[in-house]
Amino acid sequence: MTNRAFYENLDAIDPLNSLRNEFYLPPDTIYLDGNSLGVMPLAAHIRIKNAVLQEWADDLIASWNKADWINLPMRVGNKIAPLIGAGQDETVVCDSTSVNLYKVLYSAIQIARKRHPKRRKIVSEKTNFPTDLYIAQSLCAQFDMTLELVESEAIESAIDDELAVLLLTHVNYRSGAIHDMAQITSLAQARDALVIWDLCHSAGSIPVDLTAAQADFAVGCTYKFLNGGPGSPAFVWVHPHHVDAITQPLTGWMGHATPFTFDTQYQPATGIRSYLGGTPPVLALSALDGSLEVFQKAESFGGMQAIYKKAQTLTSLFIQLAEKECADYGLTLVSPRDPERRASQVSLSHPEGAYAIIQALIARGVVGDYREPGILRFGFTPLYVRYIDVWDTVMHLKSVLQDQTWRSDAFSARRTVT
Ligand SMILES: *Cc1c(COP(=O)(O)O)cnc(C)c1O
């Protein structure tokens, strides 16, 4: 564990290592930010080139049928399905996570009100990703509900007979801590409440089984661990026993039962297709469609189980080595120490220099990111991050801390996106 050769050897015997060749990786870069924007899969580039030069440029309007553009949201949804434990035709890809959260939270509130008209409480986590809370605030104002924000440890005790909807993110974006989806879902459902899971940091990162957990609703983004490209559309999943119970609020023509009859009256499609709104972003969906091929290739290496196993080894080694080499420099582990409770990232805090330390590392080609308050995030995406990257990153981190290069003014100027 204390020399580079140890890590080189782990790469040499790692069956997943060959999947690294499926990606374009910028030279001289250790990319540890796949939890924010995944690197570009070569298949995405090929697929989007074809979508532009053939389907768009040559075939134009014919591509809606010829290239089956019209069914891309469902086809890509079916490629994501095995990664989240969804059945066939239960997942659709459209809009952003924020917009899909609006749809599913609206639906969950309507179902909860039918069951228990007096219940007013929506519970989420204080440290949830802000967009989830902002969307919940909007729906609370609209339907006279109250949003109660609790600490992670207090979620189970907030589940009571007042609870209408529990809105949680499965993997915390700051710490990488994983919630027990099956257990929390069953506790909430025992009180007849509904549960929405945000899978932004779970899909493509850790094994997820929505069907086994009997979750009610799920959403997630595709530009993080699914490598769909900047701003690629999000996915939405609704349990089959809810999907036709409520009409989601953004009733656009693509969610209509028969869009091309151009009826004056809205009539929802059956199934998850009704969660579509407007025209799909074909180019972005095409890139994502290509990106997901690598997960199909990963099946022969053990799929998500093997990917997550490697993530646990990468993050455990990183924690051990960083704690050994950088013990004197004021870093504290923010992520859970137990690898079973930790997804594919390691977060460390530093009392004064977190932002500047990340900038100093980026200047050396080690790309992590900064999150408030005072957190350095390192994402380990096993499809393209190697074991030697763990060693090299810790050596860079140690050097930046030891030489105090992070104190240079150049590293403290905040950019718009951190
Ligand atoms: C990244 C992320 C989002 C992003 O939502 P967008 O609508 O795609 O901007 C939402 N929720 C969580 C938990 C996230 O990590």
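For every chain, the first residue of the written sequence is number 1, and numbering continues from 1 along that sequence. Given that this is a predicted model, residues contribute local features only at a pLDDT of at least 70 and side-chain atom pairs are listed and counted only at 80 or more, while totals for whole chains, interfaces and linings are drawn from all residues. In computing side-chain values, all of the structure's heavy atoms are included and hydrogens and water are not.

Student: Teacher, can you tell me more about the domain arrangement of the chain here?
Tutor: How big an interface is tends to be reported as the loss of accessible area on association of its parts. In terms of domains, the chain is made up of domain 1 (4–31 + 302–411) and domain 2 (47–297). Taken over C-alpha atoms, the centre of domain 1 sits 30 Å from the centre of domain 2. Two residues qualify as a contact provided that any one of their heavy atoms is within 4.5 Å of a heavy atom in the partner residue. Listed as interface residues are 25 residues of domain 1 and, on the opposing side, 19 residues of domain 2. By definition, the buried area sums, over both parts, the 1.4 Å-probe accessible area that each loses when the two are put together. A buried area of about 1,800 Å², summed over both sides, lies between domain 1 and domain 2, and 63% of it is on carbon and sulfur atoms. The salt bridge definition used is simple: a Lys or Arg side-chain nitrogen within 4 Å of an Asp or Glu carboxyl oxygen. Our count for the contact surface shared by domain 1 and domain 2 stands at one salt bridge. We note a salt bridge from Glu22 to Lys297, for which the minimum N-O separation is 3.0 Å. Pairing of N or O atoms within 3.5 Å defines a polar contact, subject to two protein rules: one partner must be a possible hydrogen donor and the other a possible acceptor, and residues neighboring in sequence count only if both atoms are side-chain atoms. Where domain 1 meets domain 2, there are ten residue pairs in polar contact (both at pLDDT 80 or more). Secondary structure is summarised from DSSP: a helix means a run of H or I of at least four residues, a strand means a run of E of at least two, and numbering begins at the N terminus for each. Contributing elements (two or more residues each) for the side of domain 1 that touches domain 2: helix H13 (303–325), strand E10 (345–349) and strand E13 (375–379). Domain start and stop positions are those given by an automatic or database domain assignment.

Student: Would you mind going over a nonpolar patch on the surface with me for this structure?
Tutor: Taken together, the side chains of Trp56, Leu60, Ile61 and Leu283 present a nonpolar region at the surface, about 420 Å² in accessible area. Within the secondary structure layout, Leu60 lies in the loop between helix H2 (42–56) and helix H3 (63–66). The residues that make up patches have over 30% relative accessible area and no salt bridge, and they are joined within 9 Å when like-charged or within 5 Å when they are Val, Leu, Ile, Met, Phe, Trp or Tyr. Each accessible area value is a Shrake-Rupley result obtained with a 1.4 Å probe; residue values ignore everything except the protein chains displayed when judging cover.

Student: Explain the state of the cysteines here, please?
Tutor: Here a disulfide denotes one covalent bond, and it connects the sulfur atoms of two cysteines. Any pair of cysteine sulfurs within 2.5 Å is marked as a disulfide. The full count for this structure, using the stated rule, is zero disulfides. Cysteine Cys140 shares no disulfide, and the gap to the nearest cysteine sulfur, in Cys200, comes to 19 Å. Cys221 supplies the cysteine sulfur nearest to Cys200, a cysteine that is in no disulfide, at a spacing of 3.3 Å. Think of it in three bands: with a 1.4 Å probe and only protein chains considered, a residue is buried below 20% of the maximum accessible area for its type, exposed above 50%, and partly exposed in between. Using a relative accessible area of 7% as the deciding quantity, one classes Cys200 as buried.

Student: Please clarify how unusual backbone geometry should be interpreted in this entry.
Tutor: For residues besides glycine, phi is generally negative; the peptide bonds are generally trans as well. Pro373 follows Glu372 through a cis peptide bond whose omega is -10°. Relative to the elements of secondary structure, Pro373 occurs in the loop between strand E12 (369–371) and E13. Non-glycine residue Asp95 carries a positive phi angle of around 55°. Relative to the assigned elements, Asp95 resides in the loop between strand E2 (91–94) and helix H5 (97–115).

Student: Explanation requested: the UniProt feature "binding site: pyridoxal 5'-phosphate" (unreviewed entry) in the chain in the structure shown.
Tutor: UniProt positions are given in the numbering used here, feature names are shortened, and annotations may be inferred rather than shown by experiment. In the UniProt entry, the feature "binding site: pyridoxal 5'-phosphate" (unreviewed entry) is given for Thr97, Ser98, Phe129, Pro130, Thr131, Asp132, Thr169, Asp198, His201, Tyr223, Trp253 and Thr279. The greatest C-alpha distance among the annotated residues, which extend across 183 residues, is 30.5 Å, indicating that they are dispersed rather than converging on a single site. Structurally, Asp198 is set in strand E6 (residues 194–198). If we skip the residues at most four places from it in the chain, Asp198 touches Thr97, Leu101, Asp132, Leu168, Thr169, His170, Val219 and Gly220. With respect to the helices, strands and loops of the structure, Thr279 is situated in the loop between helix H10 (240–243) and helix H11 (282–291). Of the residues examined, Thr279 reaches a relative accessible area of 46% and is grouped as partly exposed. Those residues in contact with Thr279 that sit more than four places away from it in its chain are Trp64, Trp253 and Met254.

Student: Is there a simple way to explain the site of the ligand in this structure?
Tutor: Any residue with a heavy atom lying within 4 Å of a molecule or strand is counted as near it. As a matter of local geometry, the ligand sits amid Ser96, Thr97, Ser98, Phe129, Thr131, Asp132, Thr169, Asp198, Cys200, His201, Tyr223 and Lys224. Between the ligand and the protein, one listed contact pairs a nitrogen atom with a side-chain N or O atom of Asp132 at 3.0 Å. Between the ligand and Lys224 there is a distance of 2.6 Å, counted from an oxygen atom to a side-chain nitrogen or oxygen. Protein contacts shield 87% of the accessible area of the ligand, which totals 390 Å² for the unbound molecule. Residues that form the shell around the ligand fall into these classes: three nonpolar, six polar and three charged. Ten residues, namely Ala, Val, Leu, Ile, Met, Phe, Trp, Tyr, Cys and Pro, are considered nonpolar, four, namely Asp, Glu, Lys and Arg, are considered charged, and the remaining ones, Gly among them, are considered polar.

Student: Looking at this structure, how should I read the sheet that holds strand E8 (residues 234–238)?
Tutor: Strand pairing in a sheet relies on backbone hydrogen bonds, with the paired strands running either antiparallel or parallel. Here, a strand pair is defined by DSSP locating no fewer than two bridges between the strands. With mixed pairing, the seven strands of this open sheet are ordered in space as E2-E8-E7-E6-E5-E3-E4. The open sheet has two edge strands, E2 and strand E4 (146–150), and neither has a second partner. Taking each pair of neighbouring strands and ignoring which way they run, the sheet shows an average axis angle of 20°. Relative to strand E5 (residues 163–169), strand E3 (residues 121–125) runs parallel, the two being bridged by three bridges. Across the sheet, residue Val123 finds its bridge partner in E5, namely Leu166. Interaxial angles span 0 to 180 degrees and are taken between N-to-C directions of axes, which are lines fitted to C-alpha atoms, for helices over the stretch in contact. Helix H4 (residues 72–84) contacts E2 and E8 of the sheet and is inclined by roughly 120° relative to E2.

Student: Whenever I open this one, the side chain of Glu325 confuses me. Can you help?
Tutor: Mapped onto the secondary structure, Glu325 falls in helix H13. Look at Glu325 and you get buried, because its relative accessible area is 15%. Within polar-contact distance, the side chain of Glu325 engages the side chain of Lys324 at 3.2 Å. Among the polar contacts listed, one links the side chain of Glu325 to the side chain of Lys398, at a separation of 2.7 Å. The contact partners of Glu325, leaving out residues within four places of it in the chain, are Val394, Met395 and Lys398.

Student: In this structure, what is going on with the environment of Ser316? I would like to understand it.
Tutor: Secondary-structure assignment places Ser316 in helix H13. Counting along the chain gives 29 residues from Ser316 to Gln345, while the straight-line C-alpha distance between them is 10.0 Å. Of note is the side chain of Ser316, whose polar atom sits 2.8 Å from the backbone oxygen of Gln312.

Student: Explanation requested: the packing of helix H14 (residues 354–363) against helix H15 (residues 387–402) in the structure shown.
Tutor: For any two helices packed against each other, one specifies the crossing angle of their axes together with the interaxial distance. For the pair H14 and H15, the least separation of the axes is 10 Å and the interaxial angle reads 120°. Judged on the interaxial angle alone, H15 and H14 are oblique. Seen from above, H14 lies across H15 with right-handed handedness. Of the residues in H15, those touching H14 at Ile357, Ala360 and Leu361 are His396, Leu397, Val400 and Leu401. For the contact of H14 with H15, a count of residues per class yields six nonpolar, one polar and no charged. Working rule for angles: under 35 degrees goes down as roughly parallel, over 145 as roughly antiparallel, 65 to 115 as roughly perpendicular, anything else as oblique. Handedness of a crossing is defined here by the sense of rotation of the near helix relative to the far one, left-handed for an anticlockwise turn of less than a right angle and right-handed for a clockwise turn.

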